[in-house]
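Secondary and tertiary structure notes
Residues per chain, in single letters:
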Amino acid sequence: FTGKPFKWWWTIAKPVRVSFVFALILTGISMAMTTIVPTVLGRFVDDVYIGGDLSYVLKYSLIIAAVPLVRSILTLLYRYVMERCSQNLLMRLRAGVYRHLQKMDGPFYDNTGVGDLMARMTGDLDMIRHFTSYVLMTTFEQMVIFLAGSVIIFSISPILALTALGFAPFLL
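The rules behind these values
- Residues numbered from 1 in each chain as written.
- Predicted model: local features only at pLDDT ≥ 70, side-chain atom pairs only at ≥ 80, totals over all residues.
- Heavy atoms only, no water.
- Phe/Tyr/Trp six-rings, centres within 6.5 Å; stacked < 30°, edge-to-face > 60°.
- Helix = DSSP H or I, 4+ residues; strand = E, 2+ residues; numbered from the N terminus.
- Buried < 20%, exposed > 50% of the residue type's maximum accessible area, 1.4 Å probe, protein only.
- Core = buried A, V, L, I, M, F, W, Y, C linked by side-chain atoms within 4.5 Å.
- Contact = heavy atoms within 4.5 Å.
- Axes fitted to C-alpha atoms, helices over the stretch in contact; angles between N-to-C directions.
- Parallel < 35°, antiparallel > 145°, perpendicular 65-115°, else oblique.
- Salt bridge = Lys/Arg side-chain N within 4 Å of Asp/Glu carboxyl O.
- Polar contact = N/O pair within 3.5 Å; in protein donor to acceptor, adjacent residues only side chain to side chain.

This part takes up the packing of aromatic side chains. Evaluated as defined, the whole model comprises six aromatic pairs. Between the aromatic rings of Trp10 and Phe20, the centroid separation amounts to 6.4 Å while the plane-to-plane angle is 70 degrees, which identifies the pairing as edge-to-face. Of this pair, Trp10 sits in helix H1 (residues 5-12) while Phe20 sits in helix H2 (residues 17-32), and the two are 10 residues apart along the sequence. Judged by its relative accessible area of 35%, Trp10 falls in the partly exposed class. Seen in terms of ring centroids, Tyr56 and Tyr60 are 5.4 Å apart; in terms of plane orientation they differ by 10 degrees. Their pairing is stacked. Taking the relative accessible area as the measure of exposure, Tyr56 reaches 28% and is therefore partly exposed. Of the aromatic side chains, those joined through ring pairs into one cluster are Trp9, Trp10 and Phe20.

What follows covers the nonpolar core. By size, the foremost hydrophobic cluster in this structure holds 22 residues, and its most contacted members are Trp9, Phe20, Ala23, Tyr78, Leu89 and Met137. Breaking this core down by element, the ones donating at least two residues are H2, helix H4 (57-103) and helix H6 (114-156). The element that contributes the greatest number of residues to this core is H4, accounting for nine residues. Filtering out sequence-adjacent residues up to four positions away, Ala23 remains in contact with Tyr78, Val81, Met82 and Met137.

The next subject is the packing of H1 against H4. Contact geometry of H1 with H4 gives a least axis separation of 10 Å together with a crossing angle of 95 degrees. As the angle between them shows, H1 and H4 are arranged roughly perpendicular. Side by side, H1 and H4 meet where Trp8, Trp9 and Ile12 of the first sit next to Leu89, Arg92 and Leu93 of the second.

It is worth spelling out the pattern of salt bridges at this point. Here the structure, examined in full by the defined rule, presents three salt bridges. Residue Glu83 is joined to Arg129 by a salt bridge in which the shortest nitrogen-to-oxygen separation is 3.0 Å. Here Arg129 lies in helix H6 and Glu83 lies in helix H4, a separation of 46 residues in the sequence. Judged by its relative accessible area of 13%, Arg129 falls in the buried class. Among the ionic pairs, Asp126 bridges to Arg129, the shortest N-O distance being 2.9 Å. Of this pair, Asp126 and Arg129 both sit in helix H6, three residues apart, which is roughly one turn of that helix. On the basis of relative accessibility, which here comes to 30%, the residue Asp126 falls in the partly exposed class.

We now examine the side chain of Thr132. One can find Thr132 in helix H6. What makes Thr132 buried here is its relative accessible area of 1%. Within the structure, the side chain of Thr132 is placed 2.8 Å from the side chain of Trp9, a separation counted as a polar contact. Leave out the neighbours within four places in its chain, and Thr132 touches Trp9, Met82, Ser86, Leu89 and Met137.

On to the environment of Ser133, then. Inspection of the secondary structure assignment puts Ser133 in helix H6. Taking C-alpha positions, Ser133 is 8.4 Å from Arg84, a pair spaced 49 residues apart along the chain. Residues in contact with Ser133, not counting those within four places in the same chain, are Met82, Glu83 and Ser86.

Next up, the structure:
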């Protein structure tokens, strides 16, 4: 798997793939929902504040109150699923490293410090867990928000969208 870290990760994550994909779907839904409240607020201003139609107040207020609640529940759920996946991955990796260490001969232990072995068993493996539970999810969250925001800004003003997206590479 040299030079192919995601292929290695995908192979080792085989038992939790379905849960991982489920968490990605929940993440996508949750992050796409971040666009609902600003859109509803825009309609609220147009319909109620400017248009003077008070019949929309209750409807828009309920949406504005319900969406963050639903997003919070989805966020809790997908983060729980991802942490569970990453802990499962960590357990499997530690068991694999332990089995490998059991097969090593005496000279290996003479030349390798206990601290080095412990660092591998704790720190290095925990970085893989962190990558699984936080880095992958945060990257996916930000991609969904960027794409959803791009769609909304294009629907409002294509010229403004092209101008804003022209500066996007400098923000990365």
